[in-house]
Structure formats: structure tokens, C-alpha cells
Amino acid sequence: MNHKNSEVGIVQLNCKSILNKVQEIKKLIYHKNPDVVCFNETWLQQRSKEPKFTGYTAEWKHRDGRGGGLGIIIADNLQYEPVNLINYPGGLLETMAIKINVHGSTDWLWILNIYNPGKNIRKQEIKHYIQQLGRRYILMGDLNAHTPILDNKYQNYSNITGQSLDDVLLETNATLINPLNFVTYVDYRTGRPSCLDICLTSPDIAPQATLTRLGDVGSDHAPILVTIRLLPIRCIRSAPRRWKIEGTKWDKWREDIPNSEVVKPANTGDINDDITMRLTTAAENNMKLTSGKIKLRKSTPWWNAECSRRVALRRKAKKKCELHPTTENVREMRKKTAEAKYMIQKSKKDSWQKYVSTLSSDTPIGEVWKKIKAIKSQRVTSIINIKENGKFLETNEQKANAFGQCFQESGKLNNISCPNDIEESIKEATEEYDSNQNFNKPFSSGELLQSIKALKNTSPGHDNIPNSFLKNLQVQLLEEMLNLFNTSWMSGMVPEAWKVGIIIPILKPTKDKYLTVSYRPITLLSTIGKLFEKMICRRLDFFLEKNRRLGSFQTGFRKGLSTIDVLLRLQNNIRQSIDASRYCIAVYLDLKGAYDKVWHRGLLYKLSKLGIFGNMFKWIKAYLSERKFFVRVGNTLSKEFDIDSGVPQGAVLSPVLFNVMLADLPIDENIEVYCYADDISFSTTNVSLKEGTRSMQKYINKIVSWLEGFGMVVSEEK
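Computed from a prediction, not measured in an experiment: that's the story for all the values here. (Residues numbered from 1 in each chain as written. Predicted model: local features only at pLDDT ≥ 70, side-chain atom pairs only at ≥ 80, totals over all residues. Heavy atoms only, no water.)

Bringing the pairing of strand β8 (residues 136-142) into the picture now. In the case of a regular strand, side chains alternate between the two sheet surfaces. Taking burial as the measure, the 7 residues of β8 include 7 buried ones, the bulk of the element. Neither face of β8 is exposed, since R136, I138, M140 and D142 on one face and Y137, L139 and G141 on the opposite face are all buried. Where strand β7 (residues 107-115) lies against β8, 7 bridges are found, and the strand directions are parallel. Within the sheet, the bridge partner assigned to N113 lies in β8 and is M140. The sheet contact formed by β8 and strand β12 (residues 197-201) spans 5 bridges and is antiparallel. (Buried < 20%, exposed > 50% of the residue type's maximum accessible area, 1.4 Å probe, protein only. Helix = DSSP H or I, 4+ residues; strand = E, 2+ residues; numbered from the N terminus. Pairing = 2+ DSSP bridges.)

This structure, assessed with the given rule, holds 35 salt bridges. Close ionic contact of K123 with E171 constitutes a salt bridge, the shortest N to O distance being 2.8 Å. Residue K123 is found in helix α2 (residues 123-130), and its partner E171 is found in helix α3 (residues 160-171); the two are separated by 48 residues along the sequence. Assessed through its relative accessible area of 22%, K123 is described here as partly exposed. For E171, a relative accessible area of 40% puts it in the partly exposed group. Of the charged contacts in the structure, one is a salt bridge between D421 and K609, with a shortest N-O distance of 2.8 Å. (Salt bridge = Lys/Arg side-chain N within 4 Å of Asp/Glu carboxyl O.)

Taken together, the side chains of I564, L567 and L568 make up a nonpolar region of the molecular surface, amounting to roughly 300 Å² of accessible area. Mapped onto the secondary structure, L568 falls in helix α15 (residues 563-579). (Patch = residues over 30% accessible without salt bridge, like charges linked within 9 Å, V, L, I, M, F, W, Y side chains within 5 Å. Areas by Shrake-Rupley, 256 points an atom, 1.4 Å probe, with all protein chains shown as cover.)

What follows deals with the packing of helix α10 (residues 422-431) against helix α17 (residues 614-624). Contact geometry for α10 and α17: axes closest at 7 Å, N-to-C directions at 120°. Considering their axes alone, α10 and α17 lie oblique with respect to each other. Side by side, α10 and α17 meet where I426, A429 and T430 of the first sit next to G614, F617, K618 and K621 of the second. Counted by class, the contact of α10 with α17 contains 3 nonpolar, 2 polar and 2 charged residues. (Axes fitted to C-alpha atoms, helices over the stretch in contact; angles between N-to-C directions. Parallel < 35°, antiparallel > 145°, perpendicular 65-115°, else oblique. Contact = heavy atoms within 4.5 Å. Nonpolar A, V, L, I, M, F, W, Y, C, P; charged D, E, K, R; others polar.)

Residues spaced three or four apart along an α-helix face the same direction, because each turn holds 3.6 residues. In a regular helix each residue adds 1.5 Å, so 20 residues correspond to 28 Å; helix α14 (residues 527-546) covers 28 Å between its end C-alpha atoms and thus fits that length. Burial of α14 is extensive: 14 of the 20 residues sit out of reach of the surface. (Expected span 1.5 Å × (residues − 1).)

We now examine the nonpolar core. Of all hydrophobic cores here, the largest spans 91 residues; its most connected members are W253, L279, F485, W619 and F682. With 9 residues, α14 is the largest single contributor of residues to this core. With residues up to four places along the chain from it excluded, the contact list for F682 reads I585, A586, V587, L589, I671, E672, V673, Y674, M696, Y699 and I703. With 76 residues, the next largest nonpolar core counts L13, C38, L85 and I98 among its residues. (Core = buried A, V, L, I, M, F, W, Y, C linked by side-chain atoms within 4.5 Å.)

With that out of the way, let us pick up the sheet that holds strand β2 (residues 36-40). Pairing between the strands of a sheet comes from backbone hydrogen bonds, and it takes one of two forms, parallel or antiparallel. Taken in spatial order, the 6 strands make up an open sheet running β3-β4-β2-β1-β14-β13, and their pairing is mixed. Here the strands that pair on one side only, and so sit at the sheet edges, are β3 (56-61) and β13 (209-213). Between one strand and the next, the sheet's axes are offset by a mean angle of 15°, whatever the strand orientation. As defined by bridge partners, strand β1 (residues 8-14) adjoins strand β14 (residues 224-228) across 5 bridges and the pair is classed as antiparallel. Directly across from I10, in β14, lies its bridge partner V226. Its contacts with the sheet put helix α1 (residues 22-32) on β1, β2, β3 and β4 (70-75), and the angle it makes with β2 is roughly 155°.

Attention now goes to the packing of aromatic side chains. Applying the stated criterion to the full structure yields 25 aromatic pairs. Taking 6.0 Å as the distance between ring centres and 55° as the angle between the ring planes, the aromatic pair formed by W108 and F392 counts as tilted. You can see W108 sitting in strand β7 and its partner F392 sitting in strand β16 (residues 391-392), a full 284 residues away along the chain. We classify W108 as buried; its relative accessible area is 11%. By relative accessible area, F392 is classed as buried at 6%. Ring geometry for F403 against F407: centres 5.8 Å apart, planes inclined by 20°, an arrangement best described as stacked. Placement of both F403 and F407 in helix α9 (residues 396-410) is noted, with a separation of 4 residues, approximately one turn of the helix. Both residues of the pair, F403 and F407, belong to the buried class. (Phe/Tyr/Trp six-rings, centres within 6.5 Å; stacked < 30°, edge-to-face > 60°.)

Between K264 and P265 the backbone carries a cis peptide bond, its omega angle lying at 0°. Even without being glycine, N415 reaches a positive phi, approximately 60°. With a phi close to 55°, A677 is a non-glycine residue in the positive phi region. Tracing the chain through its elements places A677 in the loop between β23 (672-676) and β24 (679-686).

With that out of the way, let us pick up the domain arrangement of the chain. Entries for the chain in the domain assignment read domain 1 (8-234), domain 2 (299-371) and domain 3 (392-710). The gap between the C-alpha centroids of domain 1 and domain 3 is 51 Å. Facing 10 residues of domain 1, the contacting portion of domain 3 comprises 6 residues. Both sides of the domain 1 and domain 3 interface together cover about 580 Å² of buried area, and 48% of this is carbon and sulfur. The interface formed by domain 1 and domain 3 includes 0 salt bridges. There are 3 residue pairs in polar contact (both at pLDDT 80 or more) connecting domain 1 and domain 3. (Domains from an automatic or database assignment. Buried area = accessible area lost by both parts, 1.4 Å probe. Polar contact = N/O pair within 3.5 Å; in protein donor to acceptor, adjacent residues only side chain to side chain.)

For the rest of this paragraph, the subject is the environment of N686. Residue placement: N686 occurs in strand β24. For the pair N686 and Y583, spaced 103 residues apart in the sequence, the C-alpha separation amounts to 5.3 Å. Once residues within four sequence positions are removed from consideration, N686 is found in contact with R582, Y583, E691 and G692. A distance of 2.9 Å separates a polar side-chain atom of N686 from the backbone nitrogen of S688.

The structure is reproduced here in C-alpha cells:
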């Protein structure tokens, strides 16, 4: 189909078990690119693994028992809402509905997916569901209706459901789109065709609707496609343009880097901008930018020529049986259907075995996890649809600004309790300097090269300088960059470009995708600035670990420690309690927007108390001040937002700075504390449940008060 933007394409298919036909269904969908697909008889149950379709969002309605079941998948560039239908009392139909936005949340196209499991359906039940739809609607599904208005050639008779359909067409404004004798079903037992799958629409869109039958996908029902000339609101699927690195001749790129034009002495901002401009100039001469268009990876990689050949033979046999339903043709259709099914399953199995056979006992754990993630195929959609005051936001700019406002609000702090000596401590740490303290010394070329070697190919910030550029710098530019870093370090001046973040909203698992608060802000920063952060982080982390300045209960983002340490400690305490016939009480806390609510003055105060001063302290102080961010949705940026709290998720320094924030968590001799990043747990053991509960509640009150005093908030819903 490859429909135009001014058309809505909706496919309807009775699957008769979706899981054993999902490969062929995917090939059909990825080739035709419909906007909506309605499934009947999915045969999925609550424990079933629901199939996923790249570029689509799914809504499912499973039957409690065997058989039946409905599903609707919607292209993720459309704005839609599920519709809660009121069931007909004692009704027999299976129904589900959605509505898609066609004009600014004021006009919708309602889509009703309907299935009759071979029952006698009365007109009142069909009318009951039509009356719940809006002005523009379309009804599609397997109604199992026989009536001469559908078929006067193959099954020229009426059943009760067919008579009900006749009455509905006479008594409502519903319009039948099916042409006469539009065959959608072939009985595999007899080879006789029928016209069971129907399409009804409201009268205003009926003249704009066309119905066609698509190629068979292994079901006894054929998929049908209705195309309607409507202009739905489509979100733009786009991404920022990046440099195409593959195949770059780096020697030529290095030769094309122009000399510096900065007049010295210069401030750190001018030096950083100069380096960025020169790297970009060389890239323009040697590379191309991506188009900014997102191409979804829609494929079934194990599908081969033999699968296509067997499916073609099955379709040929099915068509022959439809025209001439003789015993011999029916037998041949069944045979070709079984052969195609066997070949598809065999091809998939062989491909799977070949894929996992690359793993062995000596395969690095990183490669194993890559395979596992690929198998799970968890994909972050590039389309974001959110609402404000119950209405969809239509443009990416509106969405980006809404996210920006939300993220700015989430960083606001309340009920701060300032320590009495906070200002004095910050002042002393800023002014104090000890040239013999290793963490305050200028950085060496060895530290720079070590950090560059550890760089990964992460997304660049607003300057569009990828880490691959930094990995391929010549000696002269490495020296210039080291000079930039040391100038920033000794002066305590951080280039403004390093403090500007591009936030990408990422939906949190199980959260409402229409709410801005359901998204986690991941910040993209200048790679040059992040490289220097990495160098600083190594020094800071070394100082904290060597001098044991972090709490022994902290296991997050620390070398040699992980969540396993938390689990083993807690498990050991529980087992010891059981062996000693004591009660073990455990409490789990989660901090709400933990990174966003880091109080900068409080963090600086704690750094000073841990013995950080001089260049290190001044640089972190400047790094935290006057930060700004934009939110990017697609390739559209929001307006600029200021933020005066929090550490950016995505910055190299953020994890260790957050550990500093919790390093002096109050300790009680009767309470065991376990902390991994912002997940905090406590346990206590006692021979008396009452005494243990009282002791735990007293500590919880203390810890919550302490957290709130530093601007952090406990997430009550967790």
C-alpha cells in the first residue's frame, strides 16, 4: 500500500492463532505499512507472549478461555486512545475499540474491532456498540454473518447474524463497504469460499473508503485493507543529523584540521569553541551527515527464498481451490499449507540455532549480554505522544517545551535545612589550596590518553562532536586540549558549552506514556567536557576510595561492588535471623527524582567535609553553577531552561557526586543500611516483633527527616 499521508490504512485479519503466523503477518505489515491492524482470534491468553511489531504500539484483549481474543496495533506516529466500551448485557460479541486523532483532539476516527465466535447475534447488540462510537467511525471484523447483501453466489442464504446485519444497515447510519461476493474466507475442510469479514463506516467517510483483499498469510481468512481519505495527525519520526564515521580516512581528516585562530591569552570558552569549530571543519571536508530520517529495522532475518517459494505455492493452491473447490484441490491446498508451515518453522529454528551457536563457555560476558538484549529486542520508540490538560500536543516543539517545564519543576527543592556552618565550609574549601595535594595538581598527558582510550561511542552533545573524533586526534591537538583542561582546572572557569545539556526523554517501564512525569531525563553533553569529567572523576574516585570517605553501606558505582553485594548482605541477615529464631524487618525506600533533586550547596558542603578543596572544589562548584538545558523531541529543540539543582543523568561525574550526597547517611547500631545509588534499604533483627517495628519506625522517621533536610524526597508510590 505505502499509503500517502492524506490516507488512513486499516487492515483486518482473523488470525486463527497469531503466534504460528506472526512471521508472515510481519512481512505483510512491514510491506504494506498500514496505520492500524485489527486482529480477530489471536488465541492469546494472559500467560502468552504477546508478539511485538516494530513501529507499532499494541493493545490486546485476551479471552479467559481457549480461542478468541482480539488485538489492535497502531502505528506509533499516530495519536490514539483506547476506548472503554460498555459491554452489552448478556452479549456474545468480542469487541475492543480505539480512536485516532484526526484534528487536534477535537475530531477522532473511532475504530471498532469486532468478532463473533459463531453465535447468533441480535441487532440490538451490534447497535449497542455502534452507538458508543463518535461521529466518524469504522467497524471491522469477522461477524460470521451470511446474507445475500454480502454473498449471493457462494453461500446464498441468511443466518440470524446476517439478518441482524441487514436490520442494522436499515435502522442506523452505518454504511457497508464490502463489495458483493467479496470473498475473505476459504473452508479448509470443503474448499468452499465465504464472505465473513465485514467493514462498516459512518456515512460521511463511506465515499472516501475503498476495500481490497490482501495476500494470504496462512490463515483460512484473508487480510482485508480499507483505505480512507483522511488526514490524521502524524508525529514526525526524525532524529538529529550525525556524522557518518564508517569508512573515514582519518589521516586525511587530521590533515584537514585547520590551525587555531585564537589570540592568546584566551578564556576557556573561546578555546573550546575554537577546537570544536576546527574539528567540525575537518569533518565537513571528509564526511557526510546522516539524513535525520529514522529507518525502522523491519525484518525477519531468517526468512529465505525457500520460505517465499513455499508460501507462493500455498497461495496458488488456495486460489485454485477458491475457484474450483474439488476434493483434489482441497487436498492439494492442505498439503501446500502444511509444507509452507513446516518450512517457515524450520527456517526460524535453524536461524536461531546458528545465532546462539556463536556463544561458548569462553565467550566474554559482554558479548553474552549483547546477545540477550538482541533476543529481547527492546526498542525505544522515536515517537513521543503526550497530553497536556487531557489534550494531545501536536508538534514536537510543544512536546519539548512541556518536557522542559516538567523537568525544571521536578528539580525544585523544598524544606531545605541548612547546616549552620555551610557557608563558612564552602568559603574555606574554595580559598584553601595545597599544591602538594595530588587531586589539585595540573593534569598530565598520560591521564588524558588513559581517559581517551576508555571512551565509548556514545551520542554527542549539542556540538555534534562524537568520541571517535577525540580518539583520532593528532599530538598537536591533544596538547591543545590538555592546555584547555588545565586552564579550566587552575582558573576554576568551566566553558559554558560544557554546562549546556540536551535532554532526551526516555519512558520509564510500566509508566503512563501520555504523561511528562513518566519520562526519565537523559542528558547529552559535550564530549570534550565529558572527557575532562572522566579525568576529574578518576582523581575524585581515587581520593574517596583510598581515604574511605564513602559509607561502607554504599555499593553503587564503585569498583568491585554491585547489587549482588546488597542482596548477599540482606540474604545473610535474614538467614541469621531465622537460625536465631528472631524477626527480621526490612524496609525499602526509593528517592523521587533523586538526581534531579541534588541540592548544589548541600553537595558542596559535603565535599568540603570529605576533604575536597582547592582546584577540585572550585571546578566542581563552577561546573554545577548556571547550568542550562534544552529538551529534544525528534530533531526539534525546546526553548532554553535554567536549572539550579540536580546532577545531569548522563554526566560522568554524576554517579560519584550522588554517592557523596549520601555518604553521611545517619547510621544506627541496631539498623543495617544497604544503599545502591538511590535505592536505599534497611533491616533490623529482634526477638520481639513489636520492639523491632518500633526501632525501625524510629529510624525511618530519622532518615526521612535527614533526606528532606537536604532536599531529597522519598517516593511514596514505591
